[in-house]
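Spelled out from the first residue to the last, the chains are:
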Amino acid sequence: MKILYHIAVFFSHLTYTLLRLLGRNASHAPGVVAMKICPRYLEMVPKAKICICVTGTNGKTTASNMLTDCLTAAGYKTVSNRLGSNIAPGIAAALTNSTDWFGKCKVDATVFEVDERASRLILPYVKPDFLVVTNIFRDSLKRNANPDYIFSIINDYTPATTKLILNADDLASVALRPDNPRAYYGIAPLESDITEPVNLVSDNSTCPKCDTKLVYDYLRYHHIGHVHCPKCDFASPAADHLFTVPDVNGSVIYDEHNGEKTEYPLVSSIVFNIYNESAVIACLSEAGLANEKIQEIMRNTAVPDTRLKEEKIGDISVIMAMSKGQSCISSCRTFDYVSSEPGNKVVMLVLDDYYDRKNSVEYIGWIYDVDYEFMARPGVVQVAAAGPRCWDHRVRLLMAGVEEDNILCCLDELQCAELVKTDGVDKIYILYDTSTYNLAVKVKEKLIARLKREEAK
Ligand SMILES: [Zn+2]
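Reading the values: rules and limits
Residues numbered from 1 in each chain as written. Predicted model: local features only at pLDDT ≥ 70, side-chain atom pairs only at ≥ 80, totals over all residues. Heavy atoms only, no water. Donors = N, O, S within 2.8 Å, 3.2 Å for Na, K, Ca; no water. Tetrahedral: all angles 85-135°; square planar, octahedral: opposite > 155°, others 65-115°. Buried < 20%, exposed > 50% of the residue type's maximum accessible area, 1.4 Å probe, protein only. Patch = residues over 30% accessible without salt bridge, like charges linked within 9 Å, V, L, I, M, F, W, Y side chains within 5 Å. Areas by Shrake-Rupley, 256 points an atom, 1.4 Å probe, with all protein chains shown as cover. Salt bridge = Lys/Arg side-chain N within 4 Å of Asp/Glu carboxyl O. Helix = DSSP H or I, 4+ residues; strand = E, 2+ residues; numbered from the N terminus. Arc of directions from axis to C-beta. Contact = heavy atoms within 4.5 Å. Pairing = 2+ DSSP bridges. Axes fitted to C-alpha atoms, helices over the stretch in contact; angles between N-to-C directions.

Things to note about the coordination of the zinc ion
Working step 1: Distances from the zinc ion to its protein donors, namely Cys207 (SG), Cys210 (SG), Cys229 (SG) and Cys232 (SG), fall within the range 2.2 to 2.3 Å.
Working step 2: In this structure, the zinc ion is surrounded by 4 donor atoms whose angles at the metal cover 101 to 121°, and the resulting shape is tetrahedral.
Working step 3: All donors to the zinc ion come from one chain, and their sequence spacing reads C-x2-C-x18-C-x2-C.
Working step 4: With a relative accessible area of 2%, cysteine 207 lands in the buried category.

Some details on a nonpolar patch on the surface
Working step 1: A surface patch of nonpolar side chains, amounting to about 680 Å² of accessible area, comprises Ile3, Leu4, Ile7, Phe10, Phe11, Trp101 and Phe102.
Working step 2: The topology assignment puts phenylalanine 102 in the loop between α5 (88–97) and β3 (109–113).
Working step 3: For phenylalanine 102, a relative accessible area of 65% puts it in the exposed group.

Comments concerning helix α13 (residues 390–399)
Working step 1: Within the span of α13, buried status applies to Cys390, His393, Arg396 and Leu397. Axial view of α13: buried residues confined to an arc of 125°, hence all on one face.
Working step 2: At its buried positions, α13 is contacted by β14 (345–350), β15 (380–386) and β16 (407–410).
Working step 3: Among the residues trailing α13, glycine 401 stands out with phi positive, at a value near 90°.

A few points about the sheet that holds strand β9 (residues 241–244)
Working step 1: The 9 strands lie next to each other as β2-β3-β1-β4-β5-β6-β9-β10-β11, forming an open sheet whose pairing is mixed. The open sheet is flanked by β2 (78–80) and β11 (260–265), the only strands paired with a single partner. Sheet twist, expressed as the average angle between the axes of neighbouring strands with direction ignored, equals 20°.
Working step 2: Pairing between strand β4 (residues 130–133) and strand β5 (residues 163–167): 4 bridges, direction parallel. What sits directly across from leucine 131, in β5, is leucine 164.
Working step 3: Sheet contacts for α5: β2 and β3; angle to β3, the most-contacted strand, approximately 165°.

Describing the pattern of salt bridges
Working step 1: For the coordinates displayed, the defined rule picks out 18 salt bridges.
Working step 2: Ionic pairing is found between aspartate 203 and arginine 138, a salt bridge with its closest N-O pair at 2.8 Å. Of this pair, aspartate 203 sits in the loop between β6 (182–187) and β7 (215–221) while arginine 138 sits in the loop between β4 and α7 (141–144), and the two are 65 residues apart along the sequence.
Working step 3: Within the structure, one salt-bridge network assembled from shared partners comprises Arg138, Asp203 and Asp369.

Written as structure tokens, this is what we have:
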């Protein structure tokens, strides 16, 4: 078996080198080759001193990239699957990069973003020291079925020795593997907290012990918050790392851990990114990094915010924002954010899942989980649905109480850029999905050309 491993490492490195010579990023194929030659590759690769896996419905990319940057900045030679896939071959390819040609580990730390559904093929073999679970939400029904199904995969396949870094404010993931070593992180009450769910999707609303409706001590969005049961002793766990944010638009965040309070720079004002930062600080601290070291590296860390790209033409800002289709939580967060920004806004929806249509049937049920109701907020002066699915968006918008006169439907996305309202508008948001980014860029270019034309008049 050992000989197979060495052959696999050799050919995996060779594949990597050849693909790199061809200018490819080689983040998948070297893993495929390795696993084909040695099916136990993931298990047999010697692991770095610190091996971290990050999974969860939302935020795993941001959290794992931040962890990689932080460990690198702290002087650890770190390998991650940042450029590759988050399923088994992507992890195998990254593991190859963590070894030399003889199969010996040559790095201090590895950070792997792991797809929740694929975690069953990864976690039992990689056996990470730490598993960060950002949250478990409803996701694409087609890909991930029900959140309970995702929970059971992570729960069944996480090794007993792995220390879990869990979000105390997410009732879904805190119940993972109760016997595993664990550390909870949470965010103390914020000014913007509420106590009653506002989102259409709000899972985990009843007590898992006695089925009584839970009471929220504070609630952020969907089911994220702190609960207690009015009938029995069930409550959200106390956070081992309790983060306090005096002002979300401020510059500091405090981590209270083992009776000690440490100040860190706050890297984002958006709550779900504050959760990502909290997860990262908690994980680094649990991995043994000194608070002073974490403070120092956090000062130079930024949240890789690829979601918002803004350009201003005259008085109008054109902003592209990621709104991950089929994942209702991601879209809800974006809908909530853009509709509550100040000024008169137009929101263009370039959300068509034709990527899915190519491979199987298209599933549009997710739009009934997303709070289109946010688009009925004052200040949203027009919602422009673009593309072949525009009529579905229109039905949903009407159901959500958006005025008929405020809805524009265009089958042709580019034509939408010519027809969208611009009079008296401060901001135009173009919401795009992972599969419609390039199209959304074309829509933006066309819109900007039009705005420049109108400005020149
Ligand atoms: Zn109860």
